[in-house]
Amino acid sequence: MAQITQENIGVQHEKISIHITPEDYLPSVDKAIKNLSKQASIPGFRKGMVPAGLIRKMYGQSVFADEVLRVAGTKLEEHLIAQKAEIFARPVPSASQEKMNFDILKPTAYTFEFEIGTKPSFRVPLIENKESVDLCKVIVTHEMLDQEIEQMLLKAGEMTTPEEVSSPFDILNVDFTRCDADGNPIEGAETKPNSVLLKYFSAGAQQLLQGKKAGDDIIIQPVKDLENSVQAAVIKDLGLEPQGEEAKSTFFKMHITKLGHVEKAALNEETYQKLFPGRTISSETEFKEAVTEEIQKYWDQQARIRLHNEIFERLVHETPIELPADFLKRWLSVGGEQYKSPEQVEREYPGFEHSLRWQLITDRIIEENQLQVEPEELEYAARMEVMQYFGQYGSMPMSDMEWMEPLIKKQLADAKFKDELSSKIITDKVFYVLENTLTLVEQTVSVEEFLKRPTPHHHHH
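All chains use their own residue numbering, which begins from 1 and follows the written sequence. Given that the model is predicted, a residue must reach a pLDDT of at least 70 before its local features are reported, and side-chain atom pairs must reach 80 or more before they are shown or counted; all residues, however, enter totals for whole chains, interfaces and linings. To obtain the side-chain values, all non-hydrogen atoms of the structure were included, while hydrogens and water were left out.

Time to look at the sheet that holds strand S3 (residues 92–93). Note on pairing: DSSP must find at least two bridges between two strands before they are called paired. Helix and strand definitions here come from DSSP, where helices need a minimum of 4 consecutive H or I residues and strands a minimum of 2 consecutive E residues; each element is numbered from the N-terminal end. Strand order in the open sheet made by the four strands is S1-S2-S4-S3, with antiparallel pairing throughout. Each having just a single partner strand, strand S1 (3–10) and S3 make up the two edges of the open sheet. Here strand S2 (residues 13–20) runs beside strand S4 (residues 110–117); their pairing, made up of eight bridges, is antiparallel. Along S4, the bridge assignment pairs Ile-16 with Phe-114. Here, two residues are considered to be in contact whenever any of their heavy atoms come within 4.5 Å of each other. In this analysis, axes come from line fits to C-alpha atoms, helices being fitted only over the stretch in contact, and the angle between any two N-to-C directions falls in the range 0 to 180 degrees. Lying on the sheet, helix H2 (residues 52–83) is in contact with S1, S2 and S4; it crosses S2 at an angle near 130°.

Set out below in structure tokens:
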């Protein structure tokens, strides 16, 4: 009769030993051999009439090993169900497991050792105390409005391709590569594309760029050679913190890939309709109101992303959760499709633990608030995804969308797409709960102050 013991070997870390005897597995071995004899096709015998003794002789060893392992696995599963164990991932063979020698001619007792990591109980002080979290509200200034209108009028204007840089409204499509002061690329430096109007460079850089053509290079320092209105955004795109010490001393080789020149569109109803299709805008005042609304919407969205990332980081780092680190590292090493070395595991573990803590916290929020994704929510979200993909969001009446229905159904039939969409919806619901549980303190800031704030890590999006 099988004997099962369980002992604690560390924080949330258990070892389960399963001792099975021949009487536990031999009936399964005999049954498996009989079934195989009925299914096997061997020359000289009719199908289903192959003697069990021949099958035992030909395939007995592999059948024996398979059944012993299967029985041990079944006993383990029955034990976990009986104990109502909440575990991470799946059990892995214990590091102390002795090598097995399976021999159908010498049935004997076997002891299998498995390790499991059990899920801990924990509190979430941030939620329990309804602690405060800053929600930024960016002020839309006249300068921001004028700059956005200029950008929109350029977007709606006529594009030409000049031979060389000459006008403040020339658009430089460029590749930035980090380098030293002499223009020598830093080893391993990424090349990052961008587009900048000539007018947004400093006077010195503009003078240096005059007459340059596609294919030419110059060396710049963004903190010195770009105007304040675009400096922070470009520096962030280049992977640096605008106010960081690194950004102040970093050089980039700027390679011009393409030149463009735009004649701004006029402020008239034709332009308003082009920029805001489907909306009735008949005056410059109404146009400015619409642009202000779009700017505010954009920065509110950025503030929400920052808020969610800050909540994520605080929950992960301020929630005391004891994880079975030894088990999880062993699982990372031997529990996947490919073995990972101790060095690989040590590199990957911090990020893995970060995600695991978040998963435990969100699972609790989902359970306590009975959150789920309804079929109609999935269908609506899929429709929005398709509409956004085709650039139709908000500008096409639903009556014109019949052609999309088969595409939406096809998308929802894709298991990967459906899972990713469900995950996105449930994450949105989790943050809705968090926003309504925590104390949000609105902080009015300028766009410069907003961009200077340290960026929380991005993870759940």
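Turning our attention to the packing of helix H13 (residues 375–389) against helix H14 (residues 405–413). Between H13 and H14, whose axes approach to 10 Å, the crossing angle comes to 115°. Read as a crossing pair, H13 and H14 show a hand that is right-handed. Counting all contacts with H13, which are made through Leu-378, Glu-379, Ala-382, Arg-383 and Val-386, the residues of H14 involved are Glu-405, Leu-407, Ile-408, Gln-411 and Leu-412. The residue makeup of the contact of H13 with H14, split by class, is six nonpolar, one polar and three charged. Each crossing is labelled by how the near helix is turned from the far one, with a counterclockwise turn of less than a right angle marking it left-handed and a clockwise turn marking it right-handed. Nonpolar residues are Ala, Val, Leu, Ile, Met, Phe, Trp, Tyr, Cys and Pro. Charged residues are Asp, Glu, Lys and Arg, and all others, Gly as well, are polar.

This part takes up the packing of aromatic side chains. Stacked, tilted and edge-to-face are the three classes assigned to paired rings of Phe, Tyr and Trp, where Trp is represented by its six-membered ring and a pair needs centres within 6.5 Å; plane angles under 30 degrees give stacked, over 60 edge-to-face, the rest tilted. Counted according to the given criterion, the structure contains 12 aromatic pairs. Seen from their ring centres, Phe-102 and Tyr-110 are 5.2 Å apart, and the 50° between their planes marks the pair as tilted. By the ring-pair criterion, three or more aromatic residues cluster together here, those being Tyr-25, Phe-64, Phe-102 and Tyr-110. Directly above the ring of Phe-450 sits Arg-306, whose terminal nitrogen or CZ lies 4.4 Å from the centroid. Above the plane of the ring of Tyr-349 lies Lys-329, whose end atom (NZ or CZ) is 5.1 Å from the centre. To sit over a ring, a charge needs its Lys NZ or Arg CZ within 6 Å of the ring centre and within 35 degrees of the ring normal.

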